[in-house]
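Survey of secondary and tertiary structure
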Amino acid sequence: MNIKLLVIGKTDNKQLEDLINIYIKRLGHYIKFNLEVIPDIKNAKNLSEVQQKEKEGKLILNKVENSDSLILLDENGKQYNSIGFSDFLQKHMNSGVKQLVFVIGGPYGFSPEVYSRANGKVSLSKMTFSHQMIRLFFIEQLYRGFTILKNEPYHHR
């Protein structure tokens, strides 16, 4: 199975990008992982919230194959502890899905079309985090999930 994380807009913080890259490299020991950045919508400030979500939604859906399992990182999604999330990953690997795609949406969330295509929603917290920070938190949790599945000591350090 491959895992892809789709995000809107590039990270403009070098230190955050460095930390993200550390975990992406670590993840490579367990699974094929790809972070794909969808460029910010041009002139977004001239668009309504609905228009921006629609444009982002089309860009997101263009990056998803019919056979992909699409999971939205959404504040109203199911919350897991780290062991529960590792079980979630294992179930997807066992299901025969070729690619599991997670998406971090733009500042207003997702369009109705993206919600209707999604196979599930996951929330990392009831708190709100910046779209830049959530990338690091999510990738670290992916890494942690695989160390749990391999019974490696990282989870308890």
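In this report, we go over the structure that sits alongside the text. This structure is a prediction, so every number in the text was calculated from the model and none was measured. (Residues numbered from 1 in each chain as written. Predicted model: local features only at pLDDT ≥ 70, side-chain atom pairs only at ≥ 80, totals over all residues. Heavy atoms only, no water.)

**Notes on the pairing of strand β4 (residues 99-104)**
Consecutive residues of a regular strand have side chains that alternate between opposite faces of the sheet. Counting buried positions over the 6 residues of β4 gives 6, a clear majority of the element. Looking at chain direction, strand β1 (residues 2-8) and β4 are connected through 6 bridges and run parallel. When the sheet's bridge partners are listed, Leu 5 is paired in β4 with Phe 102. For strand β3 (residues 69-79) and β4, the ladder comprises 5 bridges, and the chain directions are parallel. (Buried < 20%, exposed > 50% of the residue type's maximum accessible area, 1.4 Å probe, protein only. Helix = DSSP H or I, 4+ residues; strand = E, 2+ residues; numbered from the N terminus. Pairing = 2+ DSSP bridges.)

**A look at the pattern of salt bridges**
Taken as a whole and assessed by the stated rule, the structure comprises 4 salt bridges. One salt bridge in this structure joins Glu 36 and Lys 63, with 2.9 Å as the shortest N-O distance. Placement of the pair is Glu 36 in strand β2 (residues 32-38) and Lys 63 in the loop between α2 (49-62) and β3, with a sequence separation of 27 residues. Glu 140 is the partner of Arg 144 in a salt bridge, and the nearest nitrogen-oxygen pair spans 2.9 Å. Note that Arg 144 and Glu 140 are positioned in helix α5 (residues 131-149) at a spacing of 4 residues, about one turn of the helix. For the pair shown, Arg 144 and Glu 140 are each scored as buried. (Salt bridge = Lys/Arg side-chain N within 4 Å of Asp/Glu carboxyl O.)

**Digging into the nonpolar core**
If you look at the biggest cluster of nonpolar residues, it comprises 26 residues, and the most contacted ones within it are Ile 3, Leu 5, Leu 89, Phe 102 and Leu 142. Ranked by the residues each element gives to this core, the list is headed by α5, at 7 residues. The contacts of Phe 102, once residues within four sequence positions are left out, are Ile 3, Lys 4, Leu 5, Leu 6, Ile 71, Leu 73, Phe 85, Phe 88, Leu 89, Phe 138 and Leu 142. (Core = buried A, V, L, I, M, F, W, Y, C linked by side-chain atoms within 4.5 Å. Contact = heavy atoms within 4.5 Å.)

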